[in-house]
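Structural features, examined
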2 protein chains.
Amino acid sequence: MAQSVLLTGAAGRVGQAILGGLADDHEWRLMDRDPPTDDQPGEFVIGDITDEETVREAMEGIDVVVHLAGDPRPEAPWDSVLTNNIDGTQTVFEAAADAGVEKVAFASSNHAVGAYETDERTPEMYRSDDDYLLDGSELARPGNLYGVSKAAGESLGRYYHDEYGLSVVCVRIGNLTKGHPPIDYERGQAMWLSYRDCAHLFDRCIQADYGYEIVYGISDNDRKYYSIDRAREVLGYEPRDNSAEHADDDSV
Amino acid sequence: MAQSVLLTGAAGRVGQAILGGLADDHEWRLMDRDPPTDDQPGEFVIGDITDEETVREAMEGIDVVVHLAGDPRPEAPWDSVLTNNIDGTQTVFEAAADAGVEKVAFASSNHAVGAYETDERTPEMYRSDDDYLLDGSELARPGNLYGVSKAAGESLGRYYHDEYGLSVVCVRIGNLTKGHPPIDYERGQAMWLSYRDCAHLFDRCIQADYGYEIVYGISDNDRKYYSIDRAREVLGYEPRDNSAEHADDDSV
């Protein structure tokens, strides 16, 4: 069923993957800091998520928020992730709760658990014959301050779910690349997310029923060390891609 | 062995419980925003943990940081916990790592997991005959934004341990009251922490060897729903008090 969806960070890579697959499937309100350079499949709000008033206005009449906005750089300095990712995400959750939004899908990241990739485990854990698997029930173990900020967003989501009844899904997004999986990069192949699987996964986040969830956002890669069982069970995620099958395939 | 310890938030209740028991056991550098009104068992630094330069200077020659400073109010508004608890704690960890400090004991809180106390579980979970037990391996489930900030501090600690080799213990402090356990308050009795057990627990945090730990800071209460097994095993914590035995006892 078509939903009224606010997409923050719409101009970023994840936003473009989502809109590439779902432009006609929902009623979109798109938000980003910079004005778009081409046609967009919905109303476009120019504004920063750290601007509370803009965020509150953007929530009006919205069923679902897909919250992607933030500093996306793994090496981002603390001050930036504190403001854009932690404080900005609180602003989004608070405004969503106040506006009576039903669901928030929050773009978390593999970097929230990046430090599980210890010297002892790598590179073996990136390979198909290795059994190591994270499933979303583990504690955050951030590999950088960006990852710390994403873990904080997950905790905020838990709080806004428990306190205000918001449905919240945190998607620990892997390595999103267009066309084909990363080449000569085992870690990237292990956590590859194809554009079409990304769009489908967020469509399920928009449509499925859930309370509070942490799921991994990757394709069904042979090399995976993130379980996608929870995304399958709770969201009905059915990925079509696998980095092992697309090494030289530009169609995904 | 006596250690050189920086105690942030020294003038607060937890700080006073620690100093009440351990004044002569370590070399203390005390830090708080307001000047002390009476004699102190060590050098006193007046300053705010959000002031990076003051924090960096206070770290010089320090073996262990006991980081208590922050807004302690469960009902504190977001802006305050963002600045004082999240940003302030990052400042402390960063400065500790840069200064070559060995260990940081971080005052987390029961509020980081307060929302496990659901309507279905309470008040039964506060009673001696109930088996429900959190052990520190569970995901944060904050009961308020203060709890969100404490969960963020735990993630920061995880990062500074993994990235810089700092030993970090996060103590989810229960209900610290002087003299006797809370009266007519089952939850408070379940998570009571006596002053002398508090001092002993932080002494163990100062002296024991560990990597990264999350432990509960409560006395050995019959009513407890927080396990103290990890604190016993890793830190050598040996609590002497139990709220069931001190209902009318002013000696603790």
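Everything numeric here is computed off the predicted structure, so don't read it as measured data.

Now for the UniProt feature "binding site: NAD(+)" (unreviewed entry) in chain A. All names here are of chain A. In the UniProt entry, the feature "binding site: NAD(+)" (unreviewed entry) is given for Asn84, Ser109, Tyr146 and Lys150. With respect to the helices and strands, Asn84 occurs in helix H3 (residues 78–99). Not counting residues within four places of it along the chain, the set of residues in contact with Asn84 comprises Arg33, Asp48, Ile49, Thr50, Gly70, Asp71 and Thr89. Tracing the chain through its elements places Tyr146 in helix H4 (residues 145–164). For Tyr146, the residues in contact, after removing those within four places along its chain, are Asp71, Pro72, Arg73, Pro74, Val81, Asn85, Ser109 and His111.

Here we take up helix H4 (residues 145–164) of chain B. Given a rise of 1.5 Å per residue, 20 residues ought to cover 28 Å, and the 28 Å separating the end C-alpha atoms of H4 of chain B matches this to within 8%. Positive backbone phi, at 75°, marks Gly165 of chain B, one or two positions downstream of H4 of chain B.

Turning our attention to the sheet that holds strand E2 (residues 27–32) of chain B. All names here are of chain B. Strand order in the open sheet formed by seven strands is E3-E2-E1-E4-E5-E6-E9, with parallel pairing between adjacent strands. The sheet is open, and its two edges are formed by strand E3 (42–46) and strand E9 (212–217), each paired on a single side. Here the strands of the sheet are splayed against their neighbours by 20° on average, with no regard to which way each runs. Where strand E1 (residues 4–8) lies against strand E4 (residues 64–67), four bridges are found, and the strand directions are parallel. Counterpart to Thr8 in the pairing with E4 is His67. Here H4 sits on the sheet and contacts strand E5 (103–109), strand E6 (167–173) and E9; the angle it forms with E5, its principal contact strand, is near 160°.

So, about the interface of chain A and chain B. Each partner contributes residues to the interface: chain A has 27 residues there, and chain B has 27 residues. Summed over both sides, the interface between chain A and chain B buries roughly 2100 Å², with carbon and sulfur atoms accounting for 69% of that surface. Together, Trp78, Leu139 and Tyr159 of chain A form the three largest contributors to the area buried by chain A at its contact with chain B, with a combined 25%. Taken together, the connections running from chain A to chain B amount to two salt bridges. Inspection of the region where chain A meets chain B yields six residue pairs in polar contact (both at pLDDT 80 or more). Elements that contribute at least two residues to the side of chain A that touches chain B include exactly H3 and H4 of chain A. Per element, the largest residue contribution to the side of chain A that touches chain B is eleven residues, and it comes from H4 of chain A. A breakdown of the residues in the side of chain A that touches chain B according to their chemical character gives 15 nonpolar, six polar and six charged.

So, how was this worked out
- Residues numbered from 1 in each chain as written.
- Chains lettered and ligands numbered in written order.
- Predicted model: local features only at pLDDT ≥ 70, side-chain atom pairs only at ≥ 80, totals over all residues.
- Heavy atoms only, no water.
- UniProt positions renumbered as here; feature names shortened; annotations may be inferred.
- Helix = DSSP H or I, 4+ residues; strand = E, 2+ residues; numbered from the N terminus.
- Contact = heavy atoms within 4.5 Å.
- Expected span 1.5 Å × (residues − 1).
- Pairing = 2+ DSSP bridges.
- Axes fitted to C-alpha atoms, helices over the stretch in contact; angles between N-to-C directions.
- Buried area = accessible area lost by both parts, 1.4 Å probe.
- Salt bridge = Lys/Arg side-chain N within 4 Å of Asp/Glu carboxyl O.
- Polar contact = N/O pair within 3.5 Å; in protein donor to acceptor, adjacent residues only side chain to side chain.
- Nonpolar A, V, L, I, M, F, W, Y, C, P; charged D, E, K, R; others polar.

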